[in-house]
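Read off the chains here:
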Amino acid sequence: MLCWSVTWSVCLLAVGAPGVEDASASPLAQDEVDQGFVSIFDGRSLDGWRGSTAGYVAENGLLVCKKQGGGNLYTVQEFGDFTFRFEFRLEPGGNNGVSVRGHEIQILDDYAPRHQNIKPCQYHGSIYCTVPAERGRTKPAGEWNTEEITCHGSHWKVTVNDAVIVDVDLAAVPGAEALARRTKGPLGFLGHGSLVEFRNLRVKSP
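Notes on the structure follow. (Residues numbered from 1 in each chain as written. Predicted model: local features only at pLDDT ≥ 70, side-chain atom pairs only at ≥ 80, totals over all residues. Heavy atoms only, no water.)

### Here's the deal with unusual backbone geometry
Cut-off, in case you're wondering: A run of H or I in DSSP becomes a helix once it reaches four residues, and a run of E becomes a strand once it reaches two; helices and strands are each numbered from the N terminus.
Even without being a glycine, Q68 presents a positive backbone phi close to 60°. Inspection of the secondary structure puts Q68 in the loop between β4 (62-65) and β5 (70-79).

Below, the structure is given as structure tokens:
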């Protein structure tokens, strides 16, 4: 549902106001449990997270990057090879990122006028300023999106709303050799002063 011709407040009435959710975190689906996925956010607290804990809040089952807050929030646990699944919702113009092995995978409202002149490698899902993502797969601001990030060695893949938008071996990307050699690190979110919400954060390691 496109909402660019109406105000943000009216759009929220149509697609669901941020923060108004079930009071508990959604449990993992049985098939994901069987696959080995585990939750990394309990929906009630920032237990297991470190960094900018004042810039984020656990609210109504959501992990919320505060407007005019944010900063870098990381898991205490580090991950080697993994598949990370989550859902996110942006305010118009929203900007955040996923920290993967110390590098950013962009989270962005690609459709915002303020972002129309950025580099191709800065749009949503891109391995920031390293590998550009396919555009046009995110939903309008105010709607929930699904995302999956998989890292196996130097092979990184990003899937948004069931569409693969990055699938690359970083060892073959000029200038990315150092990143390709990284094998472990925390997961995290990199807030840039806009409201972004996350839910259903789960990870599977080999």
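We are not done yet, so read on.
### Side note on the nonpolar core
The criterion, for reference: Residues grouped as a nonpolar core are buried Ala, Val, Leu, Ile, Met, Phe, Trp, Tyr and Cys residues, joined through side-chain atoms within 4.5 Å. Classification of residues uses two cut-offs on accessible area relative to the type maximum, computed with a 1.4 Å probe and protein chains only: under 20% is buried, over 50% is exposed, and between them is partly exposed. Whether two residues are in contact is decided by their heavy atoms, any of which lying within 4.5 Å being enough.
Of all hydrophobic cores here, the largest spans 40 residues; its most connected members are L63, F84, L170, F189 and L201. Considering every element that reaches this core, the biggest residue donor is strand β6 (residues 82-90), with five residues. Dropping the residues within four chain positions of it, F84 is found in contact with I40, V98, E147, E148, I149, L187, F189, L201, R202 and V203.

### Here we look at the sheet that holds strand β12 (residues 185-192)
Strand pairing in a sheet is mediated by backbone hydrogen bonds. Such pairs are either parallel or antiparallel. Just so we agree on the cut-off: Strand pairing requires that DSSP identify at least two bridges connecting the strands. Lines fitted to C-alpha atoms define the axes here, with helix axes fitted over just the stretch in contact, and angles between the N-to-C directions of these axes take values from 0 to 180 degrees.
The five strands are arranged β2-β5-β12-β7-β8 in an open sheet whose pairing can be described as antiparallel. Across the chains shown, the open sheet's two edge strands, defined by having one partner strand only, are β2 (49-51) and β8 (103-108). The mean angle between the axes of side-by-side strands here comes to 25°, regardless of whether they run parallel or antiparallel. Relative to β12, β5 runs antiparallel, the two sharing seven bridges. Paired with N72 across the strands is L190, a residue of β12.

### Some details on the packing of aromatic side chains
The geometry of an aromatic ring pair is captured by the separation of the ring centres together with the interplanar angle, meaning the angle of the planes. Spelled out, the test is: Ring pairs shown here join Phe, Tyr and Trp side chains whose ring centres sit within 6.5 Å, with only the six-membered ring taken for Trp; geometry is labelled stacked below 30 degrees between planes, edge-to-face above 60, and tilted in between.
All chains considered together, the criterion is met by eight aromatic pairs. Note on F84 and F189: the rings are 6.3 Å apart at their centroids and 45° apart in plane angle, and the pair reads as tilted. With a gap of 105 residues between them, F84 in strand β6 and F189 in strand β12 connect regions that are remote in the sequence. Comparing F84 with F189 shows no difference in burial state: the two are buried. With centroids separated by 3.9 Å and ring planes inclined at 20°, the aromatic side chains of F189 and F198 adopt a geometry described as stacked. An identical accessibility class is assigned to F189 and F198; each is buried.

### A closer look at the pairing of β5
By the bridge criterion, three bridges tie β2 to β5 in an arrangement that is antiparallel. The residue of β5 that forms the bridge with R50 is Y74.

### A short note on the pairing of β4
Where a strand is regular, its side chains alternate between the two sheet faces. Side chains L62 and V64 project from β4 onto one buried face, and the interleaved L63 and C65 project onto a second face that is buried too. Pairing analysis gives four bridges linking strand β3 (residues 56-59) to β4, with the strands arranged antiparallel. Directly across from V57, in β4, lies its bridge partner V64. Here β3 folds back onto β4 in antiparallel fashion, the turn holding two residues, of which N60 has a positive phi close to 55°. Note: β4 against strand β13 (residues 196-204), three bridges, orientation antiparallel.

### Considering the pattern of salt bridges
Rule in force here: When a carboxyl oxygen of Asp or Glu lies within 4 Å of a side-chain nitrogen of Lys or Arg, that pair is called a salt bridge.
Using the criterion set out here, one finds eight salt bridges in the structure. Across the salt bridge formed by D81 and R101, the nearest N and O atoms sit 3.1 Å from each other. In this pair, D81 sits in the loop between β5 and β6 while R101 sits in the loop between β7 (95-100) and β8, placing the two residues 20 residues apart along the sequence. For R101, a relative accessible area of 4% gives the class buried. We note a salt bridge from E148 to R85, for which the minimum N-O separation is 2.6 Å. With E148 in strand β9 (residues 145-152) and R85 in strand β6, the pair connects residues that are 63 residues apart, well separated along the chain.

### Considerations on the layout of surface pockets
Heads up, the condition is: A cavity here means a set of 1 Å grid points, computed over protein atoms only, where a 1.4 Å probe fits but cannot escape. A pocket is an open set with protein on both sides within 12 Å along at least 5 of 7 lines, and lining residues have an atom within 4 Å of a point. Grid points are joined across faces, edges and corners, and a volume is the space filled by probe spheres set on the points. Polar here means any residue other than Ala, Val, Leu, Ile, Met, Phe, Trp, Tyr, Cys and Pro, which are nonpolar, and Asp, Glu, Lys and Arg, which are charged; Gly is therefore polar.
Put simply, the largest pocket is a space of about 160 Å³. Lining the largest pocket are R85, F86, E87, T146, E147, E148, T159, V160, N161, D162, V164 and R202. Those elements that provide at least two residues to the lining of the largest pocket are β6, β9 and β10 (155-160). Class assignment for the residues of the lining of the largest pocket results in three nonpolar, three polar and six charged.

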